[in-house]
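# Close look at the chain arrangement
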Amino acid sequence: MGCRCIKDAGGLTIAQDPEEAKFDGMPGSAINAKAIEQILPVKIIGEKLSLMFPALFPVSPKSPAPTSPAATPATHNDTPPSDIDPRELDELRILLLRVHETTGIDFSSYKEETLLRRLSKRKAALGIAGAEEYLALIKRQPDEVKTLQQLFLISVSSFFRDRASFRELERALAAALVNKPDGEPVRAWVPGCASGDECYSLAIILTELLGEHRARHAIQIIGSDLNPEALATAHAGIYRLTALSEVDKTLRERYFTAHGQHFEVNAALRHCVSFEQRDVLAGTPCGEFDLVSCRNLLIYMKSQLQDKLVKSFHRTLRPLGLLFVGQSESLSFLGNSLFTPIDHYHRLFRRRH
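Described below are features of the structure shown in this document. Treat the numbers as computed from the prediction; the structure is a model and nothing was measured.

## Let's talk about the packing of aromatic side chains
- Counting across every chain of the model gives eight aromatic pairs.
- Plain terms: the ring middles of Trp189 and Phe313 are 5.9 Å apart, the flat faces sit at 80° to each other, and that makes the pair edge-to-face. On the criterion of sequence distance, the pair formed by Trp189 in strand 3 (residues 186-191) and Phe313 in helix 13 (residues 303-316) is long-range, its members being 124 residues apart. Taken individually, Trp189 and Phe313 each receive the classification buried, so the pair is uniform in this respect.
- With a centroid separation of 6.2 Å and 75° between ring planes, the pair formed by Tyr200 and Tyr239 is classed as edge-to-face. Here Tyr200, found in helix 9 (residues 197-210), pairs with Tyr239, found in strand 5 (residues 238-240); they are 39 residues apart in sequence, far enough to count as distant.

## A look at the environment of Glu208
- By the element assignment, Glu208 lies in helix 9.
- Residues Glu208 and Leu251 lie 43 residues apart in sequence; the distance between their C-alpha atoms is 9.3 Å.
- With sequence-adjacent residues up to four places away left out, Glu208 is seen in contact with Leu251, Arg254 and Tyr255.

## Re the sheet that holds strand 5
- The strand order 5-7-6 describes an open sheet built from three strands, whose pairing is antiparallel. Of all the strands in the sheet, just strand 5 and strand 6 (256-259) have a single pairing partner and so form its edges. Averaged over all pairs of adjacent strands, the angle between their axes in this sheet comes to 30°, without regard to strand direction.
- In the sheet, strand 6 pairs with strand 7 (residues 262-265) via four bridges, with the strands oriented antiparallel. If you follow His259 over to strand 7, its bridge partner there is His262.

## Comments concerning helix 8 (residues 163-178)
- Between its terminal C-alpha atoms helix 8 stretches 23 Å, which fits the 22 Å expected from 16 residues at 1.5 Å a residue.
- Residues of helix 8 that are buried include every one of Arg163, Ser165, Phe166, Glu168, Leu169, Ala172, Leu173 and Leu177, and no others.
- Looking at the packing, one finds that the buried side of helix 8 touches strand 3, helix 9, strand 9 (289-294), strand 10 (317-325), strand 11 (339-343) and strand 12 (348-351).

Rules used in this analysis
Residues numbered from 1 in each chain as written. Predicted model: local features only at pLDDT ≥ 70, side-chain atom pairs only at ≥ 80, totals over all residues. Heavy atoms only, no water. Phe/Tyr/Trp six-rings, centres within 6.5 Å; stacked < 30°, edge-to-face > 60°. Helix = DSSP H or I, 4+ residues; strand = E, 2+ residues; numbered from the N terminus. Buried < 20%, exposed > 50% of the residue type's maximum accessible area, 1.4 Å probe, protein only. Contact = heavy atoms within 4.5 Å. Pairing = 2+ DSSP bridges. Axes fitted to C-alpha atoms, helices over the stretch in contact; angles between N-to-C directions. Expected span 1.5 Å × (residues − 1).

Shown next as structure tokens:
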């Protein structure tokens with residue numbers, strides 16, 4: 001509301017690029033509300049403000065004034081930002097080809113900014129600055145390509161991330177269970193499941209909803225991911241206390257066993273969930289699903305790849321099945337033709353036909 005008022009008064013609204021934000025809910029919500037004029041990295045926002053208000057942010061005469069960045073429209077754009085060094089893009093393309101040849105995983109349709117940030121962190125950790133030096137390292141140590149592949153994979157998760165959104169999902173699942181024939185399983189797929197936190201969160205919700213009628217519907221939740229390290233954590237089912245910060249105390253006591261600062265998922269919950277190593281772009285698990293929960297994965301992909309995934313979600317869902325995406329994600333024109341919103345703010349949709 002504040003951003004809209006500023007725009008109506010002729011002011012400029014700027015949001016931090018959600019891809020670099022540790023917590024992207026606020027900038028993402030403002031962007032999706034069409035209340036933002038420019039989307040910029042934090043570093044560029046500072047330079048932008050110094051140019052707009054030189055009296056408040058004087059530039060030392062010994063230092064060159066920062067150049068004004070071009071406005072970034074608040075729309076999906078698959079063209080790499082113009083401020084990316086072409087040499088960095090060339091290096092990235094060479095590395096992506098090496099990763100594809102070595103691991104079979106194709107990152108060419110992932111957003112370049114995200115991949116370059118992860119590549120930069122890796123080179124900094126190794127004390128390497130230039131592209132040639134890093135490529136020479138890969139020749140000496142071929143396993144570095146696999147390390148880079150793991151860094152490119154997105155493996156961040158926690159239990160009930162965005163708790164209010166999960167409450168909305170719980171209401172939609174409760175309504176869906178009312179009309180479900182006895183004996184028919186409740187099936188959910190979590191592509192890009194990372195360490196499995198969300199899979200077990202869904203298992204808790206469904207177990208609580210079924211309650212004493214648990215025998216009427218088997219709960220089958222499949223988590224898919226490419227990262228073997230994240231999947232190992234998911235299989236183990238042991239998490240730090242920090243990952244359970246959004247789990248109510250009663251649920252924590254009911255579904256977890258404490259081991260110091262770690263908590264282990266109990267056997268009943270573990271029985272509802274299975275994990276597989278899968279490239280979600282290469283196909284879906286067998287059968288139809290009542291829910292596909294793909295949160296904070298689409299945002300890292302270019303629009304063409306997003307549409308491909310959304311079409312596969314539509315195919316694998318039962319009629320009137322649910323699609324749950326991340327707070328900073330939205331569906332394209334194609335996605336909106338396949339799904340209708342149940343709650344647009346919480347990014348919960350229903351299969352149209």
